[in-house]
Structures are given as C-alpha cells and as structure tokens.
Amino acid sequence: MKILANDGISQNGIAELEKSGFEVLTTTVAQEQLANYINEHKIDALLVRSATKVRKDLIDACPTLKLIGRGGVGMDNIDVDYAKSKNIHVINTPAASSESVAELVFAHLFGGARFLYDANRNMPLEGDSNFKGLKKSYSKGTELRGKTIGIFGFGNIGQATAKLAIGAGMKVLYSDPEVEQAEIELSFFDGQKVAFKLNNSSKTDLLKEADYISLHIPGQNNYVLGKAEFAQMKKGVGIVNAARGGVLDEVALIDALENGSVAFAGLDVYESEPKPEIKILMHSSISLTPHIGAATLEAQERIGLELAEQIIFLLK
Ligand SMILES: NC(=O)c1ccc[n+]([C@@H]2O[C@H](COP(=O)([O-])OP(=O)(O)OC[C@H]3O[C@@H](n4cnc5c(N)ncnc54)[C@H](O)[C@@H]3O)[C@@H](O)[C@H]2O)c1
C-alpha cells in the first residue's frame, strides 16, 4: 500500500510504516496537482499537516483514498465529515504536540514579562549607542512566580500549560464548559509525582483575576476574547494566543495594547494567517511566532509514530 506524506513525516514514522510493508512517498505535491498525483500513483493514504487542503473536490477526485491523516490537532484543512461519509478513515494525533505548544506559551510569557520581544528588536539597533537607555526601558520586568494564569480551554494543551504554570509557581484558573474538575499530575526528574485538583471558573472570574491569559480552545464562530472581554481584564494583563486565529479579536487587542490595559501579547496564530496584519507584525508590544507551536523535533517524532501506529492498525 502507498502513503503520500505531502507535508512531510518524521523518519521514525517512515521506518515504522516501511517495517509493516507500506511504501511512503514524501514528495510535496502542489495542491492543484494533488488529485492527478494520487490517482497516477494509486495512493491509499494521504498524510498532511496544515498546509495541504483535503476538501470535498479532492476527495471526490481520488477514489483510491482509504485514509486521510493529519499530523497534529486541528482538522480545519480537511472536510472530515464528508470524507467519513465516503468511508474514508480520518485520523489525527491529538496529544502528541501538547507539551511543545505549552512550552511555546511559556516562551512568550517569560519573554513578555521581561520585554524580550522589544529588547531583541532594539539591541541590534541601539545596543552600543544607547545601552543605558535600553537598560532603563526594560528595567521594570516582573516575575511569573506568584501570579495567576487564566487558561481558556482545558483540554490537552490547556492542561499541559497548567503543569508548566504550576511548576513555575503560578496559581492556575481555567474556564472550560466541558471540564468541571480536573486533576493535574506533575512528574519530576526523580520519579516523584504530585497531583493538583482544580475546579472550573466562570469566564468573568477568570478575566477579572488573571495576570496572564492563555487561549487553548478550538476555532469558533465568535471571538472568545473581544472588546467586551478586554474591558473586564485586570490592567496590565499579558495574553497569549497559540490556539487559532479568530478566537481573539486582533483589532480589540491593538486598542487594548495602545491604551495600556494589556501590557503585552504573544501570538503564534493570526486572524489573517498566513498574511498577518501589518499592525500586528509591527506592534512593539507583541511577541511573534509563525504558527510553530507544535513544531519541535520531539513532537514531530511523536506525531510520526502515532500516525504510523494508527495506519498499521486501520489498513493492515
Ligand atoms: N499553535 C499551534 O501550533 C497549535 C498546535 C496544536 C494545537 N493548536 C490549537 O490548540 C487548541 C487546543 O488544542 P487541544 O489539543 O488542547 O484541544 P482539546 O480538544 O484537547 O481541548 C480543547 C478544549 O477547549 C474547550 N472549549 C471549547 N470551546 C470553549 C470556549 N468557548 N471556552 C472555553 N473552553 C472551550 C473544550 O471543551 C476542550 O476541553 C486548538 O485550537 C488547536 O487547533 C495549536
């Protein structure tokens, strides 16, 4: 059986599949040529990350497809229900990248609390001529320890973020209509484990009490953080969005940064991705990454292996 990993797959994933007799092709075929390629090579399974789109027209044009696999979480680039209605398996790797995304959130938070996003822009320009001036500009940083993080969405990534927060000495609040209570277990280097019980908070309480807010919810039809929500937040809050563009109103965010009610934001995802608004890109209080939350070597290896295991189970 033939598998096309159109957006790539880790070497250990390929090895696992080849051991079970699958042929894995890792050519990146352009979207317009994909249907032809799949039909010509009689591809049984198509693996994608977020770049390749698997819409109804592609599914209709490729009768050999038995499985569509998404290396990662969000399946917004796949017509999942339609594929399933055609008896095509649709799989993803829900938990493989949670820790990687959580660590990126903390990179934005630690960086934000100490102005790294701005210092890294200005040190190359003025570090030699205005060292003392820059030192003064960035001398009112804060510690995360002892502060409260409010997490919207307490699934895999929200809970991984909570573990890092607890490890950093923060108080954790979360808001998730589906998770009334949660037990978070932290594992340490020497085998010790410590469990923490947490309870759901209302959106209002979370907005009022959090010093930092991190979003970990799926894409929605409406903003979860819009003008009304920004108005309820603590003054000087830091916000991270590593969930999906469109869960946070970027215009309201810019207003809140300009009037000082939000101190900084860390963004990995954007409303107008892959062309984020210039106002967002140029803002001096935003820490920016180009949707790399899940993009660590460790996560890619776990994703490759998880996909391989599921494919072997479903197609062998
Ligand atoms: N930045 C990246 O590279 C990257 C990588 C992986 C996932 N993600 C995104 O992270 C998000 C979370 O992923 P996950 O694996 O934790 O998903 P998950 O399904 O495990 O958890 C999502 C949680 O959000 C809750 N939720 C839904 N709507 C809500 C709302 N309005 N308010 C509060 N809670 C709400 C759900 O009940 C669920 O518990 C997704 O949007 C995913 O696409 C981003």
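Residues numbered from 1 in each chain as written. Predicted model: local features only at pLDDT ≥ 70, side-chain atom pairs only at ≥ 80, totals over all residues. Heavy atoms only, no water.

## Focus: the side chain of Glu229
Logical step 1: You can see Glu229 is positioned in helix H10 (residues 227-232).
Logical step 2: Those residues in contact with Glu229 that sit more than four places away from it in its chain are Lys203, Leu207 and Val224. (Helix = DSSP H or I, 4+ residues; strand = E, 2+ residues; numbered from the N terminus. Contact = heavy atoms within 4.5 Å.)

## Regarding the sheet that holds strand S6 (residues 148-152)
Logical step 1: Strand order across the open sheet formed by six strands is S7-S6-S10-S11-S12-S13, with parallel pairing between neighbours. Since the sheet does not close on itself, it has two edges, and those belong to strand S7 (171-175) and strand S13 (286-288), each with one partner. Each neighbouring strand pair of the sheet contributes to a mean axis angle of 15°, computed without reference to strand direction.
Logical step 2: In terms of strand pairing, strand S10 (residues 212-215) meets strand S11 (residues 237-241) through four bridges, oriented parallel. Across the sheet, the residue bridging to Ile213 is Ile239, located in S11.
Logical step 3: Sheet strands in contact with helix H5 (residues 98-113) are S6, S10, S11, strand S12 (262-267) and S13, and its direction is about 150° off that of S12. (Pairing = 2+ DSSP bridges. Axes fitted to C-alpha atoms, helices over the stretch in contact; angles between N-to-C directions.)

## A look at empty space enclosed by the protein
Logical step 1: For the structure on display, the rule yields one cavity of 30 Å³ or more.
Logical step 2: One number sums up the size of the largest cavity: a volume of about 50 Å³.
Logical step 3: Within the residue set of the lining of the largest cavity, elements represented by two or more residues are strand S3 (45-48) and helix H13 (297-315).
Logical step 4: With four residues, H13 is the largest single contributor of residues to the lining of the largest cavity.
Logical step 5: Here the residues of the lining of the largest cavity are counted per class, giving five nonpolar, five polar and one charged. (1 Å grid on protein atoms, 1.4 Å probe; cavity = no way out; pocket = protein on both sides within 12 Å on 5 of 7 lines; lining within 4 Å. Points joined across faces, edges and corners; volume = space filled by probe spheres on them. Nonpolar A, V, L, I, M, F, W, Y, C, P; charged D, E, K, R; others polar.)

## Thoughts on the layout of surface pockets
Logical step 1: Space inside the largest pocket adds up to approximately 930 Å³.
Logical step 2: Lining the largest pocket are 42 residues, with Val73, Gly74, Ile157, Ala243 and Arg244 positioned closest to its centre.
Logical step 3: Looking at the lining of the largest pocket, the elements with two or more residues in it are helix H8 (156-167) and H13.
Logical step 4: Top contributing element to the lining of the largest pocket by residue count: H8, with three residues.
Logical step 5: A class-by-class count of the residues in the lining of the largest pocket yields 19 nonpolar, 16 polar and seven charged.
Logical step 6: As a volume, the second largest pocket reaches approximately 470 Å³.
Logical step 7: Taken together, 17 residues make up the lining of the second largest pocket; nearest its centre are Ser50, Arg244, Glu273, Pro274 and His291.
Logical step 8: A per-class count over the lining of the second largest pocket returns four nonpolar, six polar and seven charged.

## Looking at the sheet that holds strand S1 (residues 2-5)
Logical step 1: Read across the sheet, five strands follow the order S2-S1-S3-S4-S5 without closing on themselves; strand pairing throughout is parallel. The sheet is open, and its two edges are formed by strand S2 (23-25) and strand S5 (89-92), each paired on a single side. Direction aside, neighbouring strands of the sheet carry axes that sit 20° apart on average.
Logical step 2: The pairing of S1 with S3 spans three bridges and is parallel. Each bridged residue has a counterpart across the sheet, and for Ile3 the counterpart in S3 is Ala45.
Logical step 3: The strands touched by H13 are S1, S3, strand S4 (67-70) and S5; relative to S5, the strand with the most contacts, the crossing angle is about 155°.

## Quick look at the site of the ligand
Logical step 1: Within the structure, the ligand sits among 23 residues, and Asn156, Ile157, Asp176, Ile217 and Asp268 are positioned closest to it.
Logical step 2: Separating an oxygen atom of the ligand from a backbone N or O atom of Asn156 is a distance of 2.9 Å.
Logical step 3: In the model, an oxygen atom of the ligand is placed 2.8 Å from a nitrogen or oxygen of the Ile157 main chain.
Logical step 4: Structurally, the ligand is housed in the largest pocket. (Near = heavy atom within 4 Å. Polar contact = N/O pair within 3.5 Å; in protein donor to acceptor, adjacent residues only side chain to side chain. Sits in = over half its atoms within 2 Å of the grid points.)

## Concerning helix H6 (residues 116-126)
Since there are 3.6 residues in each turn of an α-helix, residues three or four apart along the chain are aligned in direction.
Logical step 1: For H6, the set of buried residues is Tyr117, Asp118, Ala119 and Asn122.
Logical step 2: Buried-residue contacts for H6 involve H5, helix H7 (131-137), S12 and S13. (Buried < 20%, exposed > 50% of the residue type's maximum accessible area, 1.4 Å probe, protein only.)

## Here we look at the packing of aromatic side chains
One pair of aromatic rings is described through two measures. These are the centre distance and the angle between the planes.
Logical step 1: Summed over all chains, the structure comprises five aromatic pairs.
Logical step 2: A ring pair is formed by Tyr212 and Phe264, whose centres lie 6.2 Å apart and whose planes are at 50°; its orientation type is tilted. Of this pair, Tyr212 sits in strand S10 while Phe264 sits in strand S12, placing them 52 residues apart in sequence.
Logical step 3: Since its relative accessible area comes to 5%, Tyr212 is described here as buried.
Logical step 4: Feature note: the residues Tyr117, Tyr212 and Phe264 constitute an aromatic cluster, connected by ring pairs.
Logical step 5: Residue placement shows Lys316 over the ring face of Phe22; its charged tip is 5.7 Å from the ring centre. (Phe/Tyr/Trp six-rings, centres within 6.5 Å; stacked < 30°, edge-to-face > 60°. Lys NZ or Arg CZ within 6 Å of the ring centre and 35° of its normal.)

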